[in-house]
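Structure assessment
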Amino acid sequence: MGLDEARVKPHERLAEVLAGDMAEVNALIRSRMASEHAPRIPEVTAHLVDAGGKRLRPMLTLASARMSGYDGPYHVHLAATVEFIHTATLLHDDVVDESAKRRGRPTANLLWDNKSSVLVGDYLFARSFQLMTETGNIRVLRILSDAAATIAEGEVLQMTAAQDLATTEAVYLQVVRGKTAALFSAATEVGGVIAGRPEDEVRALFAYGDALGISFQIVDDLLDYWGSEATGKNVGDDFRERKLTLPVIKAVAKANPEERAFWARVIEKGDQRDGDLEHALALLNAHGALEATRLDALAWSARAREAMRALPQSDLRDLLIELSDYVVARVN
């Protein structure tokens, strides 16, 4: 089940609870993505921002701050910061991946060009740092700047590891912590820090975001082989792009010489032929790689749930617990 389907939608309930704060975040985003001298900047940014998306990361910051007793105003700045960092990484990712579609719409690099996407992404990173300094909290600045560096490091690591059959689950986890979980954990951690909560609560918020981000990415990688409209991808997109994600890493670890030669041909060498995706799916199923990946996603979801339960009870806390379950409901 996807996050957009009609059953239980804790992220939508979260959006309702945080509607007032999110309106302020959106207003701040619109004002800070303006540029007096370079109209291309708001054009490109608006294309991506207006495309929708669940705004999950800024909502995590708002929810963490609110459940920690914070009454503003800087949780709005931090949520906008998180969204700017996320949007900047999407602009850069689409250039690196040569993507043509994002959230069901043509990507900015397709509508404009790679130069515009890279430079506007750089502008949004710079804006994010301006926003976070306005809080006057040096620890918040360190958490978010560390996250930005970790994201960039994760992307570079993925570029070198994604087509190397020697890539292990540990390296995959490092990539996922960089490209996805780092911003989730920073988003939740800064909510507790800006509210001045005790260290054990701040650590629990970090652990929740980290585990939630990891389970979120593992589910996306799994659904690339299982299929889901929720990801906006077709079955086998990662395979065709020669991305060594967790299901394939698990299958390669159990492969015999003939199977390993197949994976080397289609992933490392990029020599893909008719019927190769079907054969890849057969190998993933034969070695139980998809089921093992599903269990990993559920285990990380359980860690997120456990971390959140260590915090004082509140309606927002319970919603975030539901969210950790819902992220993996697509494969549960």
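Now for a quick tour of the structure. Bear in mind that the values here come from a model prediction, so they are computed numbers and not experimental data.

Given two aromatic rings, their pairing is described by the distance between the two centres and the angle made by the two planes. Counted by the stated rule, this structure contains two aromatic pairs. Judged by centre distance (5.5 Å) and plane angle (45°), the ring pair of F184 and F216 falls under tilted. In this pair, F184 sits in helix α9 (residues 169-194) while F216 sits in helix α10 (residues 199-226), placing the two residues 32 residues apart along the sequence. Grouping residues by exposure puts F184 and F216 together as buried. When the centroid spacing of 5.2 Å and the interplanar angle of 65° are considered together, the rings of F262 and W263 count as edge-to-face. According to the relative accessible area criterion, W263 is buried, its value standing at 1%. The ring of W300 carries R303 above its face, with NZ or CZ at 4.0 Å from the centroid. The cationic tip of R330 hangs over the ring face of F216; the distance from NZ or CZ to the ring centre is 5.6 Å.

Taken as a whole and assessed by the stated rule, the structure comprises 18 salt bridges. With its nearest N and O atoms 2.6 Å apart, the salt bridge here joins R13 to E322. With R13 in helix α1 (residues 10-17) and E322 in helix α16 (residues 315-327), the pair connects residues that are 309 residues apart, well separated along the chain. Between E83 and R55 there is a salt bridge, with the nearest N and O atoms lying 3.3 Å from each other. Residue E83 is found in helix α5 (residues 74-96), and its partner R55 is found in the loop between α3 (40-49) and α4 (56-67); the two are separated by 28 residues along the sequence. Looking at R55, the relative accessible area reads 14%, which means it is buried.

Thresholds, definitions, all that
- Residues numbered from 1 in each chain as written.
- Predicted model: local features only at pLDDT ≥ 70, side-chain atom pairs only at ≥ 80, totals over all residues.
- Heavy atoms only, no water.
- Phe/Tyr/Trp six-rings, centres within 6.5 Å; stacked < 30°, edge-to-face > 60°.
- Helix = DSSP H or I, 4+ residues; strand = E, 2+ residues; numbered from the N terminus.
- Buried < 20%, exposed > 50% of the residue type's maximum accessible area, 1.4 Å probe, protein only.
- Lys NZ or Arg CZ within 6 Å of the ring centre and 35° of its normal.
- Salt bridge = Lys/Arg side-chain N within 4 Å of Asp/Glu carboxyl O.

Such coordinate-based values are descriptive only and should not be taken to indicate function.
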